[in-house]
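Chain by chain, the residues:
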Amino acid sequence: EAQVTQNPRYLITVTGKKLTVTCSQNMNHEYMSWYRQDPGLGLRQIYYSMNVEVTDKGDVPEGYKVSRKEKRNFPLILESPSPNQTSLYFCASSLRVTVSINSPLHFGNGTRLTVT
Amino acid sequence: SQQGEEDPQALSIQEGENATMNCSYKTSINNLQWYRQNSGRGLVHLILIRSNEREKHSGRLRVTLDTSKKSSSLLITASRAADTASYFCAEDNYGQNFVFGPGTRLSVLP
């Protein structure tokens, strides 16, 4: 089944304790992205990747890192989490590589992170 | 990048009625996409309309696009209780990102 898989689904941690949220897709998609969703603010992009070893900042990259060593995986790393990073996080992927391809995003089921 | 806006923020209707949601965006777009999100779950793609299209249908969904006004609308006809969800528009703006609006919360009452 074609899907984007995020883990864990729920995570409670303390300030400063490094954590990684994993994201994997099995659709051979070039494009992957991380979003955070907060009440009243919609989805805001954190980082995205157009291809292996190519990553770029979105709208709210501060406090986050990503890597794209393989096409299928795009982990989100919080080196020193803070309470303002408490949020619902989504990974998404898309086939698109050029503006001539109109391809939608496929989303994972989300990771609800609480930082105390 | 700047977020567009959906209007209204929340909409409550009776089953069987039509629901219309509007989206305004800020940049030149390659296409505009509509997504649905059930509470706390991942977004699911509903329909994509290219910048050179004006209207598109998919089942009970009808999407229009007015690039001169930088706006789009999503119409759900003959709504059902199962249509209760949040709906988001997303701009694909020739760049590397998709810009989402804050969404419309639709409640369909049985």
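As a starting point, this report considers the structure included with it. Since this is a predicted model, take the numbers as computed values, not measurements.

As for the packing of aromatic side chains
Residue and element names in this part refer to chain A.
- What the rule picks out here adds up to nine aromatic pairs over all chains.
- Measuring from ring centre to ring centre gives 5.9 Å for Tyr64 and Tyr89, while their planes differ by 65 degrees; the resulting arrangement is edge-to-face. Here the residue Tyr64 occupies a position in the loop between strand S6 (54-57) and strand S7 (65-66), and Tyr89 occupies one in strand S9 (residues 87-94), the gap between them amounting to 25 residues.
- Of the residues examined, Tyr64 reaches a relative accessible area of 5% and is grouped as buried.

Observations regarding the interface of chain B and chain A
- Facing 24 residues of chain B, the contacting portion of chain A comprises 27 residues.
- Roughly 2000 Å² is buried in total at the junction of chain B and chain A, and carbon and sulfur atoms are behind 48% of that figure.
- There are zero salt bridges connecting chain B and chain A.
- Applying the counting criterion to the chain B and chain A interface returns three residue pairs in polar contact (both at pLDDT 80 or more).

Regarding the layout of surface pockets
- By volume, the largest pocket is sized at about 510 Å³.
- Where the lining of the largest pocket is concerned, the elements lending two or more residues are strand S4 (31-38) and S9 of chain A together with strand S9 (85-92) and strand S11 (104-109) of chain B.
- When residues of the lining of the second largest pocket are traced back to their parent elements, those giving at least two are strand S1 (4-7) and strand S10 (106-107) of chain A.
- Among the elements that make up the lining of the second largest pocket, the one with the highest residue count is S1 of chain A (three residues).

Cut-offs used in this document
- Residues numbered from 1 in each chain as written.
- Chains lettered and ligands numbered in written order.
- Predicted model: local features only at pLDDT ≥ 70, side-chain atom pairs only at ≥ 80, totals over all residues.
- Heavy atoms only, no water.
- Phe/Tyr/Trp six-rings, centres within 6.5 Å; stacked < 30°, edge-to-face > 60°.
- Helix = DSSP H or I, 4+ residues; strand = E, 2+ residues; numbered from the N terminus.
- Buried < 20%, exposed > 50% of the residue type's maximum accessible area, 1.4 Å probe, protein only.
- Contact = heavy atoms within 4.5 Å.
- Buried area = accessible area lost by both parts, 1.4 Å probe.
- Salt bridge = Lys/Arg side-chain N within 4 Å of Asp/Glu carboxyl O.
- Polar contact = N/O pair within 3.5 Å; in protein donor to acceptor, adjacent residues only side chain to side chain.
- 1 Å grid on protein atoms, 1.4 Å probe; cavity = no way out; pocket = protein on both sides within 12 Å on 5 of 7 lines; lining within 4 Å.
- Points joined across faces, edges and corners; volume = space filled by probe spheres on them.

Worth remembering: the numbers are spatial, not functional.
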